[in-house]
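Summary of the model geometry
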Amino acid sequence: MNETPETKRGWRILRRILIALAVLATLIAVFYAEEDWRGKRAWENYKRAWEAKGEKFDWQAFVPPSVPDDQNFFTAPIFAKIKDDKIAMTPYGKDGGPDFLLDASRSGYAIYRVQLTDLKAWQNYYRNPTNFHMVDGFVMTNGTMIEKTNFLNHATDEFPIAPQRQTPAKDALFALSKYDSAVEELRAASQRPYANVPLNYEEGFNSANMLLPVLAELKKCAQLLQLRVTAERADGQSAKALDDEKLFLYVGNSLRSSPFLISHLVRIAIVNIALCPIWEGLAEHKWSDEQLVALDAELGKMDFLEDHEFVMRSERAFAIASIENERRTREMISRQDNGNLTTNKLTLMPSAFFYQSELAFAQMHQRYILPLIDLTNRIVDPVALHQSEAAVQAQLKHYSPYKVQALTVFPAIAKSVE
């Protein structure tokens, strides 16, 4: 059958379209290949140059070593009880406690104290169980704003109560005696040579999610030990107070090997709580010279400036590992505003995006984070801090596809050195 001129013209147009599409596909493939090669080469050259100077970018270099369970503080039986909710070491009942702050601007439990602990308030709290009235929020009802309240019951059997009123310190210690055996288990665990939280670190930053329950329980232990040490010191049991304060500081220092920033932030919070009984003892002249020497030795084991170097380098390594995992899987997991995790497909994203993101993150980290701590002179440089913050903010105003992800996961500089 003879083709008409229109048919021939249609075939010619189709061939041209197919050729154009083939050329376009080739150009895209060449662009992808060139960008991928350029991105990979730039990242590997940068990494190789800094590794020659002693830097480490492999997350495995920052993971604490695997140790036998019977030598690890975090695999002691006491932590199995804590994880299984068989014990909750806290001085607070379900109704919050006497130092629970309702002021919205200072919600939560008091950590930074500006006055001596009121042991009489704790005595009344333990001896006189009450229903604690707390405002959860407000709701509009018939044009009127009504309080949403919550009554938290303080059960009479939540803490033991001495038959007769004693001194505030003795009553507080009697109430806390329900944890005496647990504290001794904790003390025994602290004699183990290692303190490494067992986690599946291959999951990158997601490993930190499994760490959160441990951090929460350590924070509760800190609040318990704070009241216990204070009451022991007030009761004249200075030797017990010193032993518990040493245990207190150990609990904070137990997180030192953790490679995640959140661990060190919680550790700093625990140490701040631990400093309260020390400060109170100094204010009341209740520590002897020998005890102050012992406390000084314990505090001297801590070096938060050096630990900042370690944890920020490990955060960098885990961030790079997370981006590299996205390159391999072409999936990006992000957290929504409601807290749920969602998986975004990146099937068509060139590998260059991930290589360049790793490079940008490493460069910004090396330039804006690590120089803030001067270990030689033992200082944090406020001028350098402000300059780094300004530089990162400036980069946020100039869009670059290869810096978007790096800036998204880049830590808040001020918080990293706080």
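These notes cover the structure that comes with them. (Residues numbered from 1 in each chain as written. Predicted model: local features only at pLDDT ≥ 70, side-chain atom pairs only at ≥ 80, totals over all residues. Heavy atoms only, no water.)

Gln291, Ala294, Leu295 and Glu298 are the residues of helix H9 (residues 289-299) that are buried. For H9, the angular spread of buried residues about the axis comes to 95 degrees, placing them on one side. Turned more than 90 degrees away from the buried face of H9, the exposed residues are Asp289, Val293 and Asp296. Check the buried side of H9 and you find it contacts helix H7 (238-253) and helix H8 (261-283). (Buried < 20%, exposed > 50% of the residue type's maximum accessible area, 1.4 Å probe, protein only. Helix = DSSP H or I, 4+ residues; strand = E, 2+ residues; numbered from the N terminus. Arc of directions from axis to C-beta. Contact = heavy atoms within 4.5 Å.)

Attention shifts here to the packing of aromatic side chains. One pass over the structure, following the stated rule, counts 20 aromatic pairs. Here Tyr125 and Tyr126 contribute two aromatic rings whose centre-to-centre distance is 5.2 Å and whose plane-to-plane angle is 55 degrees, an arrangement assigned as tilted. Each of the two residues, Tyr125 as well as Tyr126, counts as buried. Through a chain of ring-to-ring contacts, three or more aromatic side chains come together here, namely Tyr92, Trp122, Tyr125, Tyr126, Phe159 and Tyr179. For the cation-ring pair, Lys53 lies above Trp50, with the distance from its terminal atom to the ring centre recorded as 4.1 Å. Over the face of the ring belonging to Phe159 we find Lys178, whose NZ or CZ atom lies 4.9 Å from the ring centre. (Phe/Tyr/Trp six-rings, centres within 6.5 Å; stacked < 30°, edge-to-face > 60°. Lys NZ or Arg CZ within 6 Å of the ring centre and 35° of its normal.)

Further remarks concern the environment of Asp70. Note that Asp70 resides in the loop between helix H1 (5-51) and helix H2 (77-83). For the pair formed by Asp70 and Pro193, sequence separation is 123 residues and the distance between their alpha carbons is 9.5 Å.

Attention shifts here to the pattern of salt bridges. By the definition in use, this model includes 21 salt bridges. Arg127 is paired through a salt bridge with Asp171; the nearest N and O atoms lie 3.4 Å apart. Placement of the pair is Arg127 in helix H3 (residues 119-127) and Asp171 in helix H4 (residues 168-176), with a sequence separation of 44 residues. Considered together, Arg127 and Asp171 belong to a single accessibility category, that of buried residues. Across the pair Glu232 and Arg228 runs a salt bridge whose closest N-O atoms are separated by 3.4 Å. One end of the pair is Glu232 and the other is Arg228, both in helix H6 (residues 207-234) and four residues apart, which spans about a single turn. Accessibility classification places Glu232 together with Arg228 in one group, the buried group. Beyond isolated ion pairs, a larger network of salt bridges with shared partners links Asp180, Glu184, Arg187, Arg228, Glu232 and Asp244. (Salt bridge = Lys/Arg side-chain N within 4 Å of Asp/Glu carboxyl O.)

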